[in-house]
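Summary of structural features
Below are the chains, spelled out letter by letter.
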Amino acid sequence: MCVMLLLGGFGFEFTPRHHDLNTERNSEYQDSAKQSKPTSTETTEEKPADQEPEEEKRSTIRWIDFNASLEMLKKTNRAHKTLIEKGITDIGTCELLAFVALRNGNKFNAKADTKNLDKLMAELKKGDRTNIDKYADNKYFNYYVESFHAVLDGIICKDTAAVTGFHPVAKGFWHTGHDDFGNSRSYGFKRKHLGHDLYGGVGAPIVAVEGGTITELGWNRYGGWRVGIRSEDTKRYYYYAHLKKDKPFPAHLELGQKVTAGDVIGFLGNTGYSTKPNKNMSGRPHLHFGMQIILDPSQEDGNGEIWIDVYAICRFLSGHKSTVVKDPETNEWERKI
Ligand SMILES: [Zn+2]
């Protein structure tokens, strides 16, 4: 049962899911058990064509180690644009990344990766598809293709190669951080850090990396004030946490609302680590940014959750930031239209 609370002191309403304060759902951190293996399981049962479809679609993908390097994200995205110009529309950023991942065993190494990609691109430009087409039925290649699409389709348009995602911190606001995915955390219970911390100034506008529907809004004992946004295709859940004490969100924001990539959805702060709402943690103010991949309902909550290392993605998006302006009436940062 959801309970509507009015927080008089903060001037907005929020509807917490009842388990938010009791479980780790949407916490900054999750059980380390799920960290261990990149897996793809195969479906072995063939069904007759007239059989009723299963109620829940179940993905064969159970975990994704997103290891693509910044350099390869940039290079495959540029190569994607080149292929479109050549009239090749079925090989894009994700297929090229999958090709590189297949060759390097998903351990991205700048030198070998560039060589492999350059060789493939030289062949493709000459109309020779042999070296990529031979993997069409390769289960590992297809696992990588599906995984990269699940992660990147909200950030890079698969049809045009355009970057459609925005960096989570608005343009003109400083931030810093390092690849801290998987680091150890101990508040509440021992666990791994399943996101990326972007340190910055309190109040810096935080924007939606991808558009979607606000499915979580309010206080969580780990993430403090936080917003959760589910992508339109439902495959990605974005988690923005530790938002600003007293003023975590724009006044108009509410559960169920649809937002567009680049819209202001919060303000950087330092809240969390408390069962009592609106408490600051110790340490430096930062945004915790997380991305969860949800390919079937069993992956929404609990041990089936798949969280992605978004560090390289954030760096990739640092060249694509949302410009914000202050509304003279409300004195709030808003997206510049
Ligand atoms: Zn964090």
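These numbers come from a predicted model, not from an experiment.

Focus: the nonpolar core
Counting 74 residues, the largest nonpolar core has L97, I206, Y240 and I265 as the members making the most contacts within it. Two domains each provide a minimum of three residues to this core, namely domain 1 (5-30 + 166-335) and domain 2 (70-152). If near-sequence neighbours (up to four positions away) are discounted, Y240 is found in contact with P168, I206, R226, V227, I265, G266, L287 and F289.

Observations concerning the packing of helix α1 (residues 70-85) against helix α2 (residues 93-104)
Contact geometry for α1 and α2: axes closest at 8 Å, N-to-C directions at 130°. In this view, α1 runs oblique relative to α2, as classed from their interaxial angle. The hand of the α1/α2 crossing is right-handed. Two secondary-structure elements touch here, α1 through M72, T76, N77, A79 and H80 and α2 through T93, L96, L97 and V100. Its residues placed into classes, the contact of α1 with α2 shows five nonpolar, four polar and no charged.

Considerations on the environment of D327
Along the polypeptide, D327 turns up in the loop between β16 (324-326) and β17 (333-335). Exposure remark for D327: the 11 C-beta atoms within 10 Å place this residue in the exposed category. Residues within four places of D327 in sequence aside, it is in contact with E332 and E334.

Reading the values: rules and limits
- Residues numbered from 1 in each chain as written.
- Predicted model: local features only at pLDDT ≥ 70, side-chain atom pairs only at ≥ 80, totals over all residues.
- Core = buried A, V, L, I, M, F, W, Y, C linked by C-beta atoms within 7 Å.
- Buried ≥ 20, exposed ≤ 12 C-beta atoms within 10 Å, placed from the backbone.
- Domains from an automatic or database assignment.
- Contact = placed C-beta atoms within 7 Å.
- Axes fitted to C-alpha atoms, helices over the stretch in contact; angles between N-to-C directions.
- Helix = DSSP H or I, 4+ residues; strand = E, 2+ residues; numbered from the N terminus.
- Parallel < 35°, antiparallel > 145°, perpendicular 65-115°, else oblique.
- Left-handed = near helix turned anticlockwise from the far one by under 90°.
- Nonpolar A, V, L, I, M, F, W, Y, C, P; charged D, E, K, R; others polar.

All quantities given are derived from atomic positions and should not be read as evidence of function.
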